[in-house]
Amino acid sequence: DAGVIQSPRHEVTEMGQEVTLRCKPISGHDYLFWYRQTMMRGLELLIYFNNNVPIDDSGMPEDRFSAKMPNASFSTLKIQPSEPRDSAVYFCASSAQRNYGYTFGSGTRLTVV
Amino acid sequence: QKEVEQNSGPLSVPEGAIASLNCTYSDRGSQSFFWYRQYSGKSPELIMFIYSNGDKEDGRFTAQLNKASQYVSLLIRDSQPSDSATYLCAVTKGRRALTFGSGTRLQVQP
């Protein structure tokens, strides 16, 4: 299995631009999670899906952030418009069960200038 | 009060020694507990999980859980320089996703 695949690995964008991060979970995993990691705040949950349905989006910072999971093999996290404070590493993770360990992707390092 | 607390470190131990990493959590109803390792610039990877009070061993790693004290620990025996990383404690309850601590940086000195 190729694991959780995220793209792009690095993204540098200007403030105000739209950013789309992509994730392909491990086949057969029914849970997909989006986390954000910064030095100041650590690893924070943004949103998670179960069987393509958003279950908990309480960690989504504000309306500028949106996430979709149109099918079991693909999810996107969109930021529009982006701001410098959105600079972070964004991780996607998947799991066969909610209380099992998660497998993380390699992450997307986002820099908003 | 943070939901999951860890000492940021660094915790420095000599090669071959036992490294002891600690974590406390605030929600007494927490049910499942996880330890992840994260090398610099890499993604977190699962080391162990524990659900019941007591000890759970896996190779050089032992997880310890004390729900009465709301305390989880990870022991690494015969520490190696390759164990140098940040160790993240995570907890969950009910339908909630994992909540992570800020991590403890471990340095194993050759």
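Residues numbered from 1 in each chain as written. Chains lettered and ligands numbered in written order. Predicted model: local features only at pLDDT ≥ 70, side-chain atom pairs only at ≥ 80, totals over all residues. Heavy atoms only, no water.

1. Here's the deal with the sheet that holds strand S1 (residues 5-7) of chain A
All names here are of chain A.
Okay, so step 1: If you trace the 4 strands from one edge of the open sheet to the other, you get S1-S3-S8-S7, paired in antiparallel fashion. Strand pairing shows two members of the sheet lacking a second neighbour, S1 and strand S7 (65-71), which therefore form its edges. Between one strand axis and the next, the sheet turns through 15° on average, direction left out of account.
Okay, so step 2: In the sheet, S1 pairs with strand S3 (residues 19-24) via 3 bridges, with the strands oriented antiparallel. When the bridges of S3 are listed, Ile5 appears paired with Lys24. (Pairing = 2+ DSSP bridges. Helix = DSSP H or I, 4+ residues; strand = E, 2+ residues; numbered from the N terminus. Axes fitted to C-alpha atoms, helices over the stretch in contact; angles between N-to-C directions.)

2. So, the nonpolar core
Okay, so step 1: In this structure, Phe33, Trp35, Val72, Leu74, Ile76, Tyr87 and Leu106 of chain B are the most contacted members of the largest nonpolar core, which totals 23 residues.
Okay, so step 2: Sorting the residues of this core by element identifies strand S3 (19-25), strand S4 (32-38), strand S5 (45-50), strand S7 (61-66), strand S8 (71-76), strand S9 (85-92) and strand S11 (104-109) of chain B as the ones contributing at least two each.
Okay, so step 3: Not counting chain neighbours up to four residues away, the residues in contact with Ile76 of chain B comprise Ala17, Ile18, Ala19, Leu21, Arg60, Phe61, Asp83, Tyr87 and Leu106 of chain B.
Okay, so step 4: Ranked by size, the runner-up nonpolar core spans 21 residues in total, among them Val4, Val19, Phe49 and Val112 of chain A. (Core = buried A, V, L, I, M, F, W, Y, C linked by side-chain atoms within 4.5 Å. Buried < 20%, exposed > 50% of the residue type's maximum accessible area, 1.4 Å probe, protein only. Contact = heavy atoms within 4.5 Å.)

3. Topic: the interface of chain B and chain A
Okay, so step 1: With 17 residues of chain B at the contact, the number on the chain A side is 16 residues.
Okay, so step 2: Here chain B and chain A share an interface that buries about 1,400 Å² over both sides, 53% of which is from carbon and sulfur atoms.
Okay, so step 3: When the buried surface of chain B facing chain A is broken down by residue, Arg95, Ala97 and Phe100 of chain B rank first, second and third, together holding 33% of it.
Okay, so step 4: Taken together, the connections running from chain B to chain A amount to 0 salt bridges.
Okay, so step 5: Here chain B is connected to chain A by 6 residue pairs in polar contact (both at pLDDT 80 or more). (Buried area = accessible area lost by both parts, 1.4 Å probe. Salt bridge = Lys/Arg side-chain N within 4 Å of Asp/Glu carboxyl O. Polar contact = N/O pair within 3.5 Å; in protein donor to acceptor, adjacent residues only side chain to side chain.)

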